[in-house]
Structures are given as C-alpha cells and as structure tokens.
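The residues making up each chain are set out below.
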Amino acid sequence: FRADKIKTIICEGVNKPITIEYLDKKIETNVVFNSNEELNNLIKRFAEKTNQDLNSDIPILNVKYHEFRIQATLGLGVISSRFVVKRELDHL
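Residues numbered from 1 in each chain as written. Predicted model: local features only at pLDDT ≥ 70, side-chain atom pairs only at ≥ 80, totals over all residues. Heavy atoms only, no water.

1. A few points about unusual backbone geometry
Then, in step 1: Within the chain, Asn 15 stands out as a residue other than glycine whose phi angle is a positive 65°.
Then, in step 2: If you trace the backbone, Asn 15 turns up in the loop between strand 1 (6-11) and strand 2 (19-22).
Then, in step 3: The exposure class assigned to Asn 15 is exposed, which follows from its relative accessible area of 52%.
Then, in step 4: A positive phi angle, near 55°, is found at Leu 23, a position not held by glycine.
Then, in step 5: Within the secondary structure, Leu 23 sits in the loop between strand 2 and strand 3 (25-28). (Helix = DSSP H or I, 4+ residues; strand = E, 2+ residues; numbered from the N terminus. Buried < 20%, exposed > 50% of the residue type's maximum accessible area, 1.4 Å probe, protein only.)

2. Quick word on the packing of aromatic side chains
Then, in step 1: Scanning the model with the defined rule gives two aromatic pairs in all.
Then, in step 2: Their ring planes at 80° and their centres at 6.5 Å tell us that Phe 33 and Phe 83 sit as a pair that is edge-to-face. Of this pair, Phe 33 sits in the loop between strand 3 and helix 1 (36-49) while Phe 83 sits in strand 6 (residues 82-87); the two residues are 50 residues apart in sequence, bridging distant segments of the chain.
Then, in step 3: Look at Phe 46 and Phe 83: their rings are 5.4 Å apart centre to centre, the planes differ by 80°, and that puts the pair in the edge-to-face class. (Phe/Tyr/Trp six-rings, centres within 6.5 Å; stacked < 30°, edge-to-face > 60°.)

3. A few points about the pattern of salt bridges
Then, in step 1: Overall, the coordinates contain seven salt bridges when judged by the stated rule.
Then, in step 2: With its nearest N and O atoms 2.7 Å apart, the salt bridge here joins Asp 4 to Arg 2.
Then, in step 3: As a salt-bridge pair, Glu 12 and Arg 82 come within 2.3 Å of each other at their nearest N and O atoms. Highlighted residues: Glu 12 in the loop between strand 1 and strand 2 and Arg 82 in strand 6, separated in sequence by 70 residues. (Salt bridge = Lys/Arg side-chain N within 4 Å of Asp/Glu carboxyl O.)

Dropping the structure here:
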C-alpha cells in the first residue's frame, strides 16, 4: 500500500466498514465505528484541525485541508454520522 495512491476514504456510517479507493480499486477495510459518538468524535477532530465550526446548529463539514477535501456530517437524532476524505490534486 502506498499512501499517495489512496484517492478516497469513505465511511458511510456506524457499523459499516470504511472503504478505500486505491488506484482503480475499492477496498473494504475491517475498520468499523460502533457508535455515532465514536464517529462524531473523529469528525469533530477534523473540524478542530481545520478551524471550522461544527455542532448541532452546523452539523455539516465541507472543507479543503492541504490536498484533501473533507466532507462530513455529524450524527444527530436519526441521522447517522458519515465522512468522505478525498485527495484533490490541483493540476496546473
């Protein structure tokens, strides 16, 4: 595995395995978040690292961080937490 070949990391929600898009393959991992609280904690760390507000009033994160686009939703009520981290290479 070469980290620079990872295109996207996808977490569709609680109790669903994280999927990695690597080169032209989708690889399902054995990494699973067992609760919205656990997943929300990671998403809140994304927000802290990118200096973004994220809370029950602003539950959606959409930010560029270095060469990555981070899109995440806090799990609140019946909504499940989820995130996507996508490498965005700027081609000049």
